[in-house]
Each structure stands twice: as structure tokens, then as C-alpha cells.
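# Reading the structure
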2 protein chains.
Amino acid sequence: MKKPAVSAILFFYTMSNSTHSASIALDRKSPVPLYLQISNQLKDHILRGDIFVGKRLPSTRKLAQSLGLDRSTVLLAYSELYSDGLIAAHVGKGTVVVDASEVEKESFQAPASMRWDDFFASSNNSAFDTTIQKNNDWIHQKEIISLAGGDPAPDMVPAREIERIVTRLCRTDIYSLLRASSCQGLPPLREMLATDMIRGGSAVSPEEIVITAGSVQALSLLSRVLLDPGDVVVVEKPTFYGALQIFRAAQARIVDVPVDAEGMRIDALERILKVHKPKFVYTMPAFQNPSGAVLSLERKKALLNLAYRHQFGIIEEDPVSRLFFDREPAPSLKSLDKSAAVIHVSSISKTLFPGFRIGWIICTRLMAKRLATVRQYEDIHSNTLGQHVLLEFLRDGLYDRHLERIRSLLVRRRDAMIAALAEHCAPALSWNTPAGGFYIWCRLKSGLRSNEVVEELLHKKVATIPGTAFFVRPEEGADRLRLCYSYESEDKMRLGIRLLGQIARGLTARKKGKPDVREIDIKAIV
Amino acid sequence: MKKPAVSAILFFYTMSNSTHSASIALDRKSPVPLYLQISNQLKDHILRGDIFVGKRLPSTRKLAQSLGLDRSTVLLAYSELYSDGLIAAHVGKGTVVVDASEVEKESFQAPASMRWDDFFASSNNSAFDTTIQKNNDWIHQKEIISLAGGDPAPDMVPAREIERIVTRLCRTDIYSLLRASSCQGLPPLREMLATDMIRGGSAVSPEEIVITAGSVQALSLLSRVLLDPGDVVVVEKPTFYGALQIFRAAQARIVDVPVDAEGMRIDALERILKVHKPKFVYTMPAFQNPSGAVLSLERKKALLNLAYRHQFGIIEEDPVSRLFFDREPAPSLKSLDKSAAVIHVSSISKTLFPGFRIGWIICTRLMAKRLATVRQYEDIHSNTLGQHVLLEFLRDGLYDRHLERIRSLLVRRRDAMIAALAEHCAPALSWNTPAGGFYIWCRLKSGLRSNEVVEELLHKKVATIPGTAFFVRPEEGADRLRLCYSYESEDKMRLGIRLLGQIARGLTARKKGKPDVREIDIKAIV
């Protein structure tokens, strides 16, 4: 049986010799957490003077009982009032309402709160984008349709297999899962990944592998090891916003090279090399994020030759090369490399699931040692349980079959999104048809602005990523939009695209001075 | 039934028209991994010319079969040979031995390997200590007695409770455990920790909490947010080597303040403040690592007053305040703070287990937002499963009882180590008797050098941390040694201490020119 949507309590207080009551009403269906509902209403009472200075609040236990809540919820509510300086705890007196201006004067001199914002380092002032945070919050808001972050949908995750492995591991030797482990990564997992890479063509030793907390940490550790402020880094245009943020935080000088259907334009890179001496080129050769481009074999060879001639490194990020729909992309740069110029970065976040935060770097032994040293003062090591679970998944030989299954799920989703785009968004948008991976890269027509479209769409509870996030100079992505088809059900995806079409038409019409009449209310449909 | 300790295969080759054989012998009991045994023997054969250039090696499948091994082991062995340029794979020809000088000449020009060491950033040149790495490797080497890193012993970990929780969570909603989650940390876990802190005395909102991958990451994120190169940081003398490494990597100017039995010397800090304007003071007030000192209530108030007057922050690291043996330490700085000057850092690595990498920061909302932003480009978020497991452990109300249990285990171990020290190490060493936590802080007498003792002891397979690791100027710790009593069984701990005593006496005698006769062989005892 469900608890009622609204519960209420009264408590009494005396003012000017007459008795009043202050009540709290809870709405269990509201998106506002219960503790905030309580603290907000108490604040109102206090600020209105319903509950005056010196008045004792009911004990958390009593209030919790009256409201039919856990005590912890009331504790949280009271903590909000403490934070705001509206109440204080006094031994023998309980929790009382105080004059906010009096709060600070207790056992020692306490000035106004520290002005921490004066303390913030200026070094990473240019890395304030919050796209990743927002992505990760959107997928937990049920009312939002997320076409934003690249998360695998529930049906893509091998839940039963993982459950079986976790249960088995817990039964066999749970202490091994909970204890500290190697900074460089669990040795048997590194051996397993080394084997796996050989199968893919290149020769790798476990000593050349570092397990990381996902590929973002891989790039972050590599930046720590390789970049001093002012060092030149070459990226693709467009490129993954997370990488841009990492290189910005490292205060690198970021130079970009355009991408076309065959991937990074090597002729453009060659011209850049006449002027710049980069430490490394960062590339995602297979189903590039966001463009979907696949770097051709010819260009891969040309890129390697440039690296050898000009002596720069290549960071090859490869999260999705095995998520192809037609044919496997050309061999990885790592497997073609004859001279240890390529650092290979990958993870299980796209192919299995992102929650364990597991990725890896393949590099020289020397660099692996340096990365493990830096890892000591970043977070010491990747969570041990997750590494064991991945090891067992690979050992059990489940990975290839799993990849086959999700490839077929992904291609269906891609087709559904393309069909929806064709139905609802032409001709206001144009788009590519990616041959693998998670994303469709759109162009907005008729002067539509990416940020405007994304914002209006978010009001309709559909999340997408504006093109501006993918460029060194954001304005270059003003007519671009990235859509992700991996996460939502086909129904929700279609609805999201329909709303996108509606907004694009509406904005276009407004720009031309005429209103759009086809309004859709998401609540009526979801 | 066990596999035989040695297996062997032969394969045949022809040289100068006569047939020879090359064999591989495996020792399954050797500490050298099987793949290395294979690759080393193959290398020998190749370098001796037993297997000549152009010769085709058996397929990995065939060799694996002959040796009775998994194919992956042979793949790893071959990968070593690839790496060394001794073999190459050719379509239609299989794996053949090549002239190492010829390897590079394939489809494109390939110069010698990239000289990556020329590329390393100079920014973190001063953070090359590898103590943490070594600690984490030692505990996985069965032959080593580790009195080094602060790891909970198997009997301290609540294995059955965790198993029950993990199994329950997997059954209920496994997808939730595997998916991406909030950069700031799982909201219900933050609410739970906020409640827990209120119980401890301070008022905290979930918005003021950031979940981290352990307290090392907490300090690392705070450094990113707060420190520009050259900023002043005050630390205790001695202090945790991990913190020193983090502040060194941030290129901070590190100033130290001595610690006595009541913790940080506030009078000394006051003198420093006449010269320096620190961004923050880093302190571990409860059972300080390594000294075991507990900052008194008087000094806590004095420290806060200084922070308010001089406007600096305080980072309070508190991993073990609840692991007290007699009485609980004075309230945390955080709970005494009236002005948001204190940033509180804690974790479950000491009280529960370190393998999940979970800790947290309590700070202002503004700073929590900033930290979550930085987290996006460090590793995005803490592993989701670990956060859920901790949440359930706290929700089930298991934490307090667990703490009680491990307090009694720890105090017994402390007593055992103290007894062993008294028996075997007086008068060459003196030591404190900590009232909580994991460590004993020793002084070496008669001119014994810490690094020398630690090195000799490691030859006897006993790991400890030299005092030098805990000081801004390492030489100040030359007569100091940290011992950890949390990890090894009482028997092994006693043996380790006995060996320490023996080495101390031996070194003292050598210094005085006379040999020590009481030699102990660890293998005869363990």
C-alpha cells in the first residue's frame, strides 16, 4: 500500500500570550526531496516569525514520528537550517531558533564564512564546462529523455552474466575483492588484456598496460605525465569535450585539425607541423566522437609517418572500434606502429557498462611506470572488485558474443533514430549515418543556433549536446548538434526527435516572423 | 591432482641439412610466470641460433597443446618476442623468426623507438616517490611480511555482511550498480553520510559532500581546485607521504610545523604565519599518520582562531578517529568550525576496506560544485557498485558494531607489536604507544639509519616504511621508522619485529666493528 501523497503535522507555539500553530505538509510525489520540503517550510515559518527566536523545535525523533518519516530525513532538514544559521543546538535546551546575526558569537571569534572563491586556483580556470556532470544527472531523472551522454541502455548490459560472476567471486574469495591492489592494475587482468590485444594484431606485454578508472582518467594521467603549461596538443575538429577539458586544465595550447568522412585531414596536420611542435596528436580513429568518421588505413599510415618524421606521440582513443555495423575499421594505429609512437587508450564504458570506471592505457614500459607513479597520488588504483569481475568476464569468453549482441541492438537503434529524423526533422536538420558507435552528428539549417535549440529542447525534457561543446573555439559548433541513440528506448527516442523537429520548426518560423502551431505536450505522451 | 612441476616439449628444426631439436621446460612452482619461462627459453634458442632467422615457430595453439597450457599463456610469451623484435607475423607464413635489425623496415619508414623520456612533463618531477606502489605490491607477495602500508587484515573486513549486501543488490537491480552515476557522488549515499555527520555533531547538507575515490583522491582534487604553483601549504612534521607527494606534484611551497604528543604545535604555526600566507593547513588531528598524536581540544580551538584571523583554510584528514582504544578524540575541527574554514576528508579505506576506493570531502556548496567539475576530467565518478554497497552497509546499521569489533582486534595487535618490540628491539629502538589507528612510530638509536635498516629488513622479506618518507626534508626522518600493526597475523608480526631487532643489533655492532652472531632465517620459520 502506498503512503498518502500528503501528510501533515501541527506543532504549537505561544506568541503575545496566545497560542498559534505551525504546520508542515509533505508531498511525496513532488520532485523536491522530503527533507528540503520540511526545511523550506520551517524556514518560511521562521522568517515569517511564526516560530520566533528562542523557540525550541520539536526533537528530530518526535517530528519524524509525527510525519511518519525516518529520523534521518528530519536530521537532513534540520541540517539545512543549521547551515543557514537559523537554528542552533544547545546542551539542555535542544534545538532552538536563533537570531541569525547572533549565531557566530559562540565559543570563539568567528568572522563571516571563509571566502573560498578568493582561494580557487587560476590554473584550471578554463575548464569549467559541466557537460559530463549534466549528462550523468540527466540519465537519473526519469522525466528526461536523454539523447545526450553515451550510456549503454539497460538491455545492452549483460546483467545476468555479471550477476553470476559477482556472486561466484564473492563466494570464492571476497577478501581479494575488497583489498588494495596494484597501482598499475591487477596483474592477471593486464595479462588478459595483453592477450586480447595480440588477437587484434599488436604485440603487447602486461608491463606495457596500465589499468585506469575509465578512458577519461587515462587521458588525465597522460596529461599529468606529458604536459607542461604551454605544450602543444593537436586534436581533431570536432572532438570529445572531455578531452578538450583535460587539455585545457593542463594549460596546453590546443591546435585543431579538421575531420572529414575519412577522419583527420592529414594534409592539414602536415601544414600545422610546419608551425607547431606538438607533444602528441589526440585522435579517435574509429567512429569518432562526435563525427562518426573512421580514419582510413592510408591516413593511418600517413599519420604514423608524420609522427616518426616530426617526433610527436599519438594518443589513440578507441572506445568503440568493435561496435561496427558493417565492417571492422582498419587496424588500430597501435597495431600498425613500429616505433612506440602510439599510446592506445580504451575502456569498457561503451562496450560493457560505465559504472565500474575501468579503462586502460597501452604504452611503453617506461611510460607505464611513470603513469603508475602518478596514479599513486591521483586515486592509488582502480576499484579491485570491478577489475576482478572484468577479468572473469573475459576469462569466461563472454566478451565476443556480448559484442555481437549489442552491435545488433545498436544498429536497430541507429536506424530508428535516422527514420525519426527523416520523418520529423528534415529539412531543418541534416545528419550523417554512422557505421558504428553511439552518435549521430547533425547540422542545423536556416541559421538555427545549437545552444538555442538545446535549451528549448531541455525545457521539453529532452537532453542533447550542443555542437559548441566539441570545438576549441565553441562558436565553430554553433550550427551542430550531437544525438546519442544508445540509451533511450526506441519510443522515447522517437518522441525526443519529434520534439526536436517541432522546436527547430518553431525557431525557424520565429526567425521568419511566423508562429508554429503544432505544439506537443510531452506529459500527454510519455 | 596437481599438474607436474616440470613439463617439456620438443620441436624440430633443420640446420645445415641435419635435424636438431629445441626444447622448453616449465617449472610450475617457480615464481617466474609461465609465459616468461617460455619466452626466455625461446629467446635463448633464437639468440644461440638453435632457431634461425626465417624459421617458423609452432602456432600458439599447437605449442599450448604440447605444453598443456592455455593458449593465452603462449600468446603472452610470443608477445615478449614480438616486443623484442625477434619474431614477426606474416600472412600465409605464420610466426617466423626475423633478423632483429630487419624488423623495422616494413611498410613504412620506422626510426628507432620514440624517446618518450624526452617528452615527460617537468611539472611533477618532484613527485617520484613510489612508496604507495610498493606497499600495494608487497601485500600481494605471500613471502613478504608487510609492516608497511596501512591495510586492514582479512579478519578485520566484514566479508559475510558485504557478500550478503552485494548478492542482494545484484538480485534487486543490477543495472543500477553498473551504470554511470553523479560526479558529486550517489545522492542517497551523500544524504546518508550527511546524517552520520550530524550525529557526530556538525550540521552538514548532502550538497556539501563530494564522494571521492578514497582520501588520496580527495586531497588530489582539493589541490587541483586550490593550488597554483608556488602557493604555500602548511603540513605537519612528520606527515603522510601521500599528501606530500600530492602537494609536491601541485608545485606548492610546503612549510612544516612540528607535532608533539598533543598534535600540531600551534605556537610554531603562529610564528610561521608571520612570514607565510598559506592557502591551507593540512592536518590529521586524530591518531596522526605516522606519529599517532591526537590534537587536543585547546589546540583545535587555537588552530581555528588562527584560521579565522589569518584567513587560511584547514584540510582535516580523518581516516581513523573512530578507531580509538581508550576514549574518543576531541570533536573534529569540522564540527567546531563556525566559519566554513574546515574541509573535512575521510574514507572507508581504514575502517572497512580500501579496495572500493571510496572516501568523501565535506566542504562548502560552492567548493563541492567546483570539485565535482574537476572530477569530470579526472575520472568522472566513483565506481557505482561500491557506493551502493557502502550505502546499504550504513543503512543496515552495521557500521557501529563493525567499528567496535575492529577496535578490539586492533588494540590486541597493537599490544602484540609493543610486546614484540620490548622483547626484541630495546634498546636499539624506542617507540610510542598509540591510542588508536594503525601505526607505531619508532626512533632508531646509536646512529642507526632508517633507510639502511629498511633495506636490510626487506632483504629478509619484511617491509616497513623509512622515516624519511614522512618529511619535507627527508634527512629529518633518518632516525625514524613507521611500523603498521593492522595487516599481518600476530605470529608474522612478531617474526618481523624479531628480524628488525636482529638487523638493528647487527648494524649497531657493525658500526662498532663487532659482528652479530644471532642470524635468523625467515624460511625456516614462516
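Residues numbered from 1 in each chain as written. Chains lettered and ligands numbered in written order. Predicted model: local features only at pLDDT ≥ 70, side-chain atom pairs only at ≥ 80, totals over all residues. Heavy atoms only, no water.

### Things to note about the relation of the copies chain B and chain A
- Each copy superposes on the other: chain B lies on chain A with an RMSD of 0.3 Å after a rotation of 180 degrees and an axial shift of 0.1 Å. The operation mapping one copy onto its partner corresponds to a two-fold rotation axis. Relative to the rotation axis, the C-alpha of B:Thr167 is the closest in chain B, positioned 2.9 Å from it.
- Comparing contact sets, 98% of the residues at the interface of chain B also lie at the interface in chain A, consistent with an isologous, same-surface contact. (Least-squares fit on C-alpha atoms with pLDDT ≥ 70 in both. Contact = heavy atoms within 4.5 Å.)

### Brief notes about the interface of chain B and chain A
- Counting from both sides, the interface comprises 124 residues of chain B and, opposite them, 122 residues of chain A.
- Interface area, chain B with chain A, both sides summed: about 10,700 Å², of which 61% is carbon and sulfur.
- Viewed at the interface, chain A and chain B are joined by zero salt bridges.
- For the interface between chain B and chain A, the tally reads 42 residue pairs in polar contact (both at pLDDT 80 or more).
- The element that contributes the greatest number of residues to the side of chain B that touches chain A is helix α5 (residues 159–178) of chain B, accounting for twelve residues.
- A class-by-class count of the residues in the side of chain B that touches chain A yields 63 nonpolar, 35 polar and 26 charged. (Buried area = accessible area lost by both parts, 1.4 Å probe. Salt bridge = Lys/Arg side-chain N within 4 Å of Asp/Glu carboxyl O. Polar contact = N/O pair within 3.5 Å; in protein donor to acceptor, adjacent residues only side chain to side chain. Helix = DSSP H or I, 4+ residues; strand = E, 2+ residues; numbered from the N terminus. Nonpolar A, V, L, I, M, F, W, Y, C, P; charged D, E, K, R; others polar.)

### Concerning the packing of helix α9 (residues 266–273) of chain B against helix α10 (residues 297–310) of chain B
Residue and element names in this part refer to chain B.
- Orientation of α9 relative to α10, taken along the N-to-C sense of each, is 10 degrees, at an axis distance of 10 Å. With respect to their mutual orientation, α9 and α10 come out roughly parallel. Along the contact surface, α9 presents Ile 266, Leu 269, Glu 270 and Leu 273, while α10 presents Arg 299, Ala 302, Leu 303, Leu 306, Arg 309 and His 310.
- Broken down by class, the residue content of the contact of α9 with α10 amounts to six nonpolar, one polar and three charged. (Axes fitted to C-alpha atoms, helices over the stretch in contact; angles between N-to-C directions. Parallel < 35°, antiparallel > 145°, perpendicular 65-115°, else oblique.)

### Observations concerning helix α13 (residues 384–395) of chain B
Residue and element names in this part refer to chain B.
- Taking 1.5 Å per residue as the helical rise, α13 with its twelve residues ought to reach 16 Å, and the 16 Å between its terminal C-alpha atoms agrees with that figure.
- Of all twelve residues making up α13, eleven are buried, and the element is well covered by its neighbours.
- Of the residues making up α13, those classed as buried are Thr 384, Leu 385, Gly 386, Gln 387, His 388, Val 389, Leu 390, Leu 391, Glu 392, Phe 393 and Leu 394.
- Put simply, Asn 383 is the residue that caps the front of α13, since its side-chain oxygen is 2.8 Å from the backbone nitrogen of Gly 386.
- Note on α13: the residue one or two positions beyond its end, Gly 397, has a positive phi of about 70 degrees. (Expected span 1.5 Å × (residues − 1). Buried < 20%, exposed > 50% of the residue type's maximum accessible area, 1.4 Å probe, protein only.)

### A closer look at the pattern of salt bridges
- Scanning the entire structure with this criterion turns up 44 salt bridges over all chains.
- For the salt bridge of A:Arg395 with A:Glu392, the shortest nitrogen-to-oxygen distance reads 3.0 Å. Of this pair, A:Arg395 and A:Glu392 are both found in helix α13 (residues 384–395), three residues apart, which corresponds to roughly one turn of the helix.
- Ionic pairing is found between B:Glu270 and B:Arg309, a salt bridge with its closest N-O pair at 3.3 Å. Note that B:Glu270 is positioned in helix α9 and B:Arg309 in helix α10, a separation of 39 residues in sequence.
- Note on B:Glu270: relative accessible area 34%, which makes it partly exposed.
- Members of the salt-bridge network, linked through shared partners, are A:Arg168, A:Glu392, A:Arg395 and A:Asp396.

### Some details on the environment of B:Leu444
Residues and elements named next belong to chain B.
- Inspection of the secondary structure puts Leu 444 in strand β15 (residues 439–444).
- By relative accessible area, Leu 444 is classed as buried at 5%.
- Between the C-alpha atom of Leu 444 and that of Glu 378, which follows or precedes it by 66 residues, the distance is 41 Å.
- If near-sequence neighbours (up to four positions away) are discounted, Leu 444 is found in contact with Ala 428, Leu 429, Arg 449, Ser 450, Val 453, Ala 478, Asp 479, Arg 480 and Leu 481.

### Observations concerning the domain arrangement of chain A
Residue and element names in this part refer to chain A.
- Partitioning chain A into domains gives domain 1 (6–105), domain 2 (131–155 + 402–525) and domain 3 (159–397).
- A separation of 27 Å is found between the C-alpha centroids of domain 2 and domain 3.
- Every contact between the two is made by 30 residues of domain 2 and, on the other side, 29 residues of domain 3.
- Summed over both partners, the interface of domain 2 with domain 3 comes to about 2,600 Å²; 64% of that surface belongs to carbon and sulfur atoms.
- Run the count over domain 2 and domain 3 and you get two salt bridges.
- Here domain 2 is connected to domain 3 by 14 residue pairs in polar contact (both at pLDDT 80 or more).
- The set of elements that each furnish at least two residues to the side of domain 2 that touches domain 3 consists of α4 (131–138), α14 (399–424) and β15 (439–444).
- Its residues assigned to classes, the side of domain 2 that touches domain 3 comprises 17 nonpolar, seven polar and six charged. (Domains from an automatic or database assignment.)

### Let's talk about the sheet that holds strand β14 (residues 429–431) of chain B
Residue and element names in this part refer to chain B.
- The strand order β14-β15-β18-β17 describes an open sheet built from four strands, whose pairing is antiparallel. Both edges of this open sheet fall to β14 and β17 (465–466), since each of them pairs with a single strand only.
- Direction of pairing for β15 relative to strand β18 (residues 480–484): antiparallel, over a ladder of five bridges. Of the residues in β18, the one forming a bridge with Trp 441 is Arg 482. (Pairing = 2+ DSSP bridges.)

### Observations concerning unusual backbone geometry
- Look at the link from A:Asn289 to A:Pro290: it is a cis peptide, with omega at 10 degrees.
- Geometrically, the link from B:Ala426 to B:Pro427 is a cis peptide bond, its omega value of 0 degrees lying close to zero.
- Assignment of secondary structure puts B:Pro427 in the loop between α14 (399–424) and β14.

### Structural notes on the sheet that holds β15(A)
- Across the sheet, four strands lie side by side as β14-β15-β18-β17 (chain A); this open sheet has antiparallel pairing. The open sheet has two edge strands with one neighbour each: β14 (429–431) and β17 (465–466) of chain A.

### Regarding the packing of aromatic side chains
- Evaluated as defined, the whole model comprises 20 aromatic pairs over all chains.
- Ring centres of A:Phe393 and A:Tyr399 lie 6.4 Å apart, and the angle between their planes is 80 degrees; on these two criteria the pair is classed as edge-to-face.
- In this structure A:Phe393 comes out as buried when scored by relative accessible area, which is 1%.
- Over the ring of A:Phe324 we find A:Arg407, and its NZ or CZ is 4.5 Å from the ring centre.
- In this arrangement the basic side chain of B:Arg482 is found over the ring face of B:Tyr439, its NZ or CZ atom lying 3.7 Å from the centre. (Phe/Tyr/Trp six-rings, centres within 6.5 Å; stacked < 30°, edge-to-face > 60°. Lys NZ or Arg CZ within 6 Å of the ring centre and 35° of its normal.)

### Points about the pairing of β15(B)
Residue and element names in this part refer to chain B.
- Of all six residues making up β15, five are buried, and the element is well covered by its neighbours.
- In this sheet, β15 lies alongside β14 in antiparallel orientation, the contact comprising three bridges. Bridge pairing links Leu 429 to Leu 444 in β15.

### Side note on the pairing of strand β10 (residues 280–283) of chain B
Residues and elements named next belong to chain B.
- Neither face of β10 is exposed, since Phe 280 and Tyr 282 on one face and Val 281 and Thr 283 on the opposite face are all buried.
- Alignment of strand β7 (residues 232–237) against β10, held across two bridges, turns out to be parallel. Residue pairing across strands places Val 233 opposite Phe 280, the latter belonging to β10.
- Sheet topology note: the β10/strand β11 (residues 313–317) ladder contains four bridges and is parallel. Paired with Thr 283 across the two strands is Glu 316, which belongs to β11.
- On the question of chirality, the crossover connecting β10 to the parallel β11 by way of α10 is right-handed. (Right-handed = clockwise from strand over helix to strand, strands pointing away.)

### Some words on the nonpolar core
- Membership of the largest hydrophobic core comes to 204 residues, with the highest contact counts inside it found for A:Ile38, A:Leu429, A:Leu483, A:Leu500, B:Leu429, B:Leu483 and B:Leu500.
- In this structure, A:Val281, A:Ile465, A:Phe470 and B:Ala463 belong to the second largest nonpolar core, which totals 152 residues. (Core = buried A, V, L, I, M, F, W, Y, C linked by side-chain atoms within 4.5 Å.)

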